[in-house]
Amino acid sequence: MSDPMRIRAQAAGGNATIRVLMSHEMESGQRKDGNGKIIPAWHIQDVTASLNGKPVMTAEWGPAVSKNPFLQFTIKGAKAGDKVAITWKDNRGESRTDEAAVT
Amino acid sequence: MSCLNSQATAMMCPRGMTARIQIALTVTLFAWAGAAMAQKSSADSIAEYRTMLQDGNPADLFEAKGEDLWKQKRGPKNASLEQCDLGKGPGVVKGAWVELPRYFADTGRVQDMESRLLTCMQTLQGFNAEALAKTPFGKDEQNNVTAIATWISAESKGMTFNLSQSHVEERKMYEVGKRLFYLRGGSHDFACATCHAQDDKRIRLQDLPNLTKQPGAANGFGAWPAYRVSNGQMWGMQLRLNDCYRQQRFPYPLFGSEATIALGVYMGVNGKGGDATAPAIKR
Amino acid sequence: MHTRRETLRHSAVVAGLLASTGLFPQYAQAFDKVAFDAKTIAEAVKAMGGAAPVESKDVTITGPDIAENGAVVPLGVSTWLPNVKRVLLLVEKNPAPLVAMFNLSPDIEAIFTTRSKMGQSSDVYAVAITHDGKAFFAKKEVKVTLGGCGG
C-alpha cells in the first residue's frame, strides 16, 4: 500500500496551479544490486488528473523521472472548492488516487 | 597610490602613464572580472538549482506520514504519541524542536529530538527503546522515527533556535560537545572541526557550514532532518552525525548516544537566534 | 452509409470514450513502450507520432544551468504553438532519452514541470508534436556534477 500523494491546488486568475508530490521509488532499471544483478525497473507509467470527475490531463512517464516525483501543471477554469484527483499507475500494475480541493 | 597595484580603472592613473601599461591594466582588470564572473556564475547556478528544488520538497511526504504516526494508536500499549513531552509540556509540538536538545527531569538527562522520541515511544506506546535504537537506519521502526522527527521539526519551521543553557547538565553537554567537535582521531586524524570550523570551506561543490558560530551553526544544524536527493532518503540529525563519523573513518556512534546529543547541544547553542529551516532538501 | 474510414474513426472515438470511463481497460491507451525504449531523440519523437523536429522559439525548455545532483533535475516544458497534441521531455545522453510525455487538452495549459534523472551533463529537449504530425523543439544544456542513474 503506497503512501499518499501531497497535492496542492491553488486558484489564481481563473486557473488552478496544481503541484503534486508522489511517493514512489521510480527505480530506473539501471542500478545493480550487491550481487551485480540489475534491479528491475519499477516506475509510474501513467498519470491522470481530473477536475470534478472530468479527466483533464494524461501523461506517460518513463523510469527517468526522479524518485518521489514532483509534477506541476495548470488546470484552466478551476476555482476554489473544485475537486482535483490525481491517479498514477505503475509498471507493476499498482495504482493510487488522491484528491484535493482547490483553495 | 601606485597605479600598478590599483584595481581601479586605468583612467584613475595620472597622465604620463604609457599606453602599454594602461592596456595591460585594462586587460588584467577584464581578466579578473571575467574570472570573478565565471566563479560567481557557478555558485549562482548552484544556488538557482537549490531554489528550484525548494518548492515540492519530498520531505513533505515524510512529514505527512510523521503527523499520522504521531496521532495513530500504536505499539503494545496501543496508544498515540499525543501526550509526548518534547520539553514544552505533554503534546506541545510547536516550537519544541528549536529548544532541543534540552534537559529532561523525568529521564534525568539531556536529550535530543530523536532520543526523546524514543523515550516517548517506550513510555507511552510500549516500544522497546533499546531495540529501536539498534534498528538500522532505513529499516522498520527507524523509518517511522525518521518520519515523526521530520514532522516535529516542520512544526518549528521558521522559528528561532533558543536552546536552554540554564541547567548544569545542559552546560556540561555543551562543553562535552565542544571537546568532541575538536577531537581528532580515526585513521585520517579528522575532527568535525577539520571541515566545519572555518568559513567558506567546501568539498567539491558542497558548501561546508562553519558550525562553531552563526550563521553556519543554525544553517547546518537547523537543516536536518533533510531529504537527500542523491539517495532519495530522509535523514535526521542522528543519521547525519552517523554518516559524518563514517566519513571521518571513526567507529559509528550508537543511535541517541551521549556523544551525538552533546554535539547537538554544541551546534544548537552556537546557532542561537538563527532560523530553523528543517525539513530541508539537500544534494 | 458509413465509409470504412468513418467507421474506424467512430470506433476510435468510442474507444476513447470508453477508455476515459476507466471501465473498459481493453480500450485504454497502451503505454508507449517503444518510445520510452528508444535510444535516440529522433526515434523517440517518431515513436510518439512526430516528424524530424525543427527548432522553434514557441517551444520552451527550462531548467538549471548546473544540477548539483543528477538524481533530481527540475525541468519544465511549455509551448505557445497551436494545435499541439503532446509535449515531450527528453534528455539526450540518458540511456533512453524520453523522460515524460504530456498529452494536451483544452482544459490545461501547455506548461509542465517535473524532475528528471540525468546520467551526465547533457542537452535537454522539449518537443511539441502537433496533431498533423509535425514536431518542434527547444533545447538547453544542463551540466550535472554527480550522475543520477546508478552511481
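Each value, and the rule that gives it
Residues numbered from 1 in each chain as written. Chains lettered and ligands numbered in written order. Predicted model: local features only at pLDDT ≥ 70, side-chain atom pairs only at ≥ 80, totals over all residues. Heavy atoms only, no water. Contact = heavy atoms within 4.5 Å. Buried area = accessible area lost by both parts, 1.4 Å probe. Polar contact = N/O pair within 3.5 Å; in protein donor to acceptor, adjacent residues only side chain to side chain. Helix = DSSP H or I, 4+ residues; strand = E, 2+ residues; numbered from the N terminus. Nonpolar A, V, L, I, M, F, W, Y, C, P; charged D, E, K, R; others polar. Domains from an automatic or database assignment. Salt bridge = Lys/Arg side-chain N within 4 Å of Asp/Glu carboxyl O. Pairing = 2+ DSSP bridges. Axes fitted to C-alpha atoms, helices over the stretch in contact; angles between N-to-C directions.

### A word on the interface of chain B and chain C
At the interface, 17 residues of chain B touch 14 residues of chain C. At the boundary of chain B with chain C, total buried surface from both sides reaches about 1,300 Å², with 60% on carbon and sulfur atoms. Broken down residue by residue, the surface that chain B buries against chain C is led by Tyr49(B), Met52(B) and Arg283(B), which jointly contribute 41%. In this structure, the connection of chain B to chain C is made through six residue pairs in polar contact (both at pLDDT 80 or more). With eight residues, the top contributor of residues to the side of chain B that touches chain C is helix H1 (residues 19-54) of chain B. Of the residues belonging to the side of chain B that touches chain C, the class tally is seven nonpolar, five polar and five charged.

### Section: the domain arrangement of chain B
Residue and element names in this part refer to chain B. Partitioning chain B into structural domains gives domain 1 (1-56) and domain 2 (67-283). For the pair domain 1 and domain 2, the summed buried area comes to about 400 Å², and 58% of that belongs to carbon and sulfur atoms. Taken as a group, Ile-46, Arg-50 and Leu-53 account for 71% of the area that domain 1 buries against domain 2, more than any other trio of residues on that side. Where domain 1 touches domain 2, the interface holds one salt bridge. The partner of Asp-207 in a salt bridge is Arg-50, and the shortest N-O contact between them spans 3.7 Å. Applying the counting rule to domain 1 against domain 2 returns zero residue pairs in polar contact (both at pLDDT 80 or more).

### A word on the sheet that holds strand S2 (residues 59-62) of chain C
Read across the open sheet, the six strands follow the order S1(A)-S2(A)-S5(A)-S7(C)-S4(C)-S2(C); overall the sheet is antiparallel. Of all the strands in the sheet, the pair left with one neighbour each is strand S1 (6-12) of chain A together with S2 of chain C. Averaged over all neighbouring strand pairs, the angle between strand axes comes to 15°, with direction disregarded. In terms of strand pairing, strand S2 (residues 15-21) of chain A meets strand S5 (residues 70-76) of chain A through seven bridges, oriented antiparallel. Paired with Val20(A) across the two strands is Leu71(A), which belongs to S5(A). Against the sheet, helix H2 (residues 59-71) of chain B makes contact with S1 and S2 of chain A, and its axis sits at roughly 110° relative to S1(A), the strand it touches most.

### Some points on the interface of chain A and chain C
A common measure of how large an interface is: the accessible area buried when the components associate. Each partner contributes residues to the interface: chain A has 28 residues there, and chain C has 31 residues. Across the interface of chain A and chain C, roughly 2,500 Å² is buried in total on both sides, 51% from carbon and sulfur atoms. At the boundary of chain A with chain C, the tally comes to one salt bridge. For Lys54(A), the salt bridge is made with Asp107(C), and the minimal N-O distance between the two is 3.0 Å. Linking chain A with chain C are 18 residue pairs in polar contact (both at pLDDT 80 or more), by the criterion used here. At the level of secondary structure, the elements contributing two or more residues to the side of chain A that touches chain C comprise strand S4 (54-61) and S5 of chain A. Broken down by element, the residue count for the side of chain A that touches chain C peaks at eight residues, all from S4(A). The class makeup of the residues in the side of chain A that touches chain C is 13 nonpolar, 10 polar and five charged. The pairing of S4(A) with strand S6 (residues 98-103) of chain C spans four bridges and is antiparallel.

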